[in-house]
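Structure at a glance
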Amino acid sequence: MIPNPKSKGRPEALAEKVYQALKQDIFEFHLMPGDRFSENEIAERLAVSRTPVRQALFWLEREGYVEVWFRSGWQVKPFDFEYFEELYDFRTVLEREAVRRLCSLPPLTCTEVLAELKRFWMDTPRPEDDRVVSAKDEEFHTALVAAAGNQEMARVHAGLTEKIRIIRRLDFTRNDRVEATYQEHIQILQAIFRQHTDEAQRILTDHIAVSKAEVRKITLHRLQQARSQPAEAQGAVSSHR
């Protein structure tokens, strides 16, 4: 339930809360690709009126997460694997360029702009909880691009990151993938600090390519397995297929 649903604040603020709640449901697979639901179901579950729900759903539709079905409510859009692979390709281009720029920086400057990444991935013992590594993966790649110093490139990359987040998380449902990610991040940083551009770009490209390949392996069965604990799933909207 959204806090203070009866608040007299701006309607846009309430719609924003509904929007964030629904997006989180989609990212956590409480609302699964292909699930159908009505505005009334969402409004009842979140204890709000249909107006902010409808506005939030239009925002999500514009971003490509849901689609409206004439006279039959809304649906979480099924995965379009070719679309996600194109996003991964574009991401590779941006991150390779970021690595090239970082490798061309003076060593001291490079160490300074990547200090936080170095601290977590190279100077601190690996966390025992793989979920921490999973959460830090996205930060690693966005920080690399941001550190390259081109704000527009960082903005575009952030948008790509947002779009692939829903499917990217499934790449961390296996321990071997978490381990590989951790080691490859270290190797990328080491190559950058040595200013070995070709090596850093090669490791990065292979790193993203493997993650991209995992996209094609995702099935509805795996998505079902990716659901959180039963208690967390209680807030999910029931599917009407």
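All figures in this text were calculated on a predicted structure; none of them were measured in a lab.

What follows covers the nonpolar core. Ranked by size, the top nonpolar core spans 63 residues in total, and within it Leu114, Trp121, Leu144 and Ile192 carry the most contacts. Once you skip the residues sitting within four places of it in the chain, Leu144 turns out to touch Ala98, Leu102, Leu114, Leu117, Ile188, Leu189 and Ile192.

Mean pLDDT for the protein: 86, with 85% of residues reaching 70 or above. When mean pLDDT is compared element by element in the protein, helix H6 (residues 115-123) scores highest at 97, while helix H12 (residues 230-233) scores lowest at 44. Low confidence marks residues 229-241, where pLDDT is under 50. Its contacts with residues over four positions away, or in another chain, come to 21 contacts.

All right, on to the environment of Phe37 then. With respect to the helices and strands, the residue Phe37 is situated in strand S1 (residues 36-37). On the basis of relative accessibility, which here comes to 3%, the residue Phe37 falls in the buried class.

A complete count under the given rule lists 9 aromatic pairs for this structure. Judged by centre distance (5.8 Å) and plane angle (80°), the rings of Tyr19 and Trp59 are edge-to-face. With Tyr19 in helix H1 (residues 11-27) and Trp59 in helix H3 (residues 50-62), the pair connects residues that are 40 residues apart, well separated along the chain. Exposure class is identical for Tyr19 and Trp59. Each is buried. Between Trp121 and Phe140, the ring centres sit 5.6 Å apart and the planes meet at 75°, which makes this aromatic pair edge-to-face. Of this pair, Trp121 sits in helix H6 while Phe140 is found in helix H7 (residues 130-147), placing the two residues 19 residues apart along the sequence. This pair shows no difference in class: Trp121 is buried, exactly as Phe140 is. Ring-pair connections join several aromatic residues into one group, and the members of that group are Phe79, Phe81, Tyr83 and Phe84. Above the ring of Trp69, the side-chain terminus of Arg36 is found at 3.4 Å from the ring centroid. The ring of Phe120 carries Lys136 above its face, with NZ or CZ at 5.3 Å from the centroid.

What counts, and at which threshold
Throughout, residues of each chain are indexed from 1 in the direction in which the sequence is written. Only residues with pLDDT of at least 70 are given local features in this predicted model, and only at 80 or more are side-chain atom pairs given and counted; all residues enter the totals for whole chains, interfaces and linings. As a rule here, side-chain values cover all heavy atoms of the structure and leave hydrogens and water aside. By nonpolar core is meant a set of buried Ala, Val, Leu, Ile, Met, Phe, Trp, Tyr and Cys residues that side-chain atoms within 4.5 Å join together. Partly exposed describes any residue whose relative accessible area lies between the buried limit of under 20% and the exposed limit of over 50%, with all areas from a 1.4 Å probe on protein chains only and scaled to the type maximum. The contact criterion used is simple: two residues touch if any of their non-hydrogen atoms lie within 4.5 Å. Known as pLDDT, the predictor's per-residue confidence is scaled from 0 to 100. Numbering of helices and strands runs from the N terminus, with a helix taken as a DSSP run of H or I at least four residues long and a strand as a DSSP run of E at least two residues long. Whether two aromatic rings pair depends on their centres lying within 6.5 Å, for rings of Phe, Tyr and Trp, where Trp uses its six-membered ring; planes under 30 degrees apart make the pair stacked, over 60 edge-to-face, and the rest tilted. Throughout this description, the term charge over a ring refers to an Arg CZ or Lys NZ atom that lies within 6 Å of the ring centre and within 35 degrees of the ring normal.

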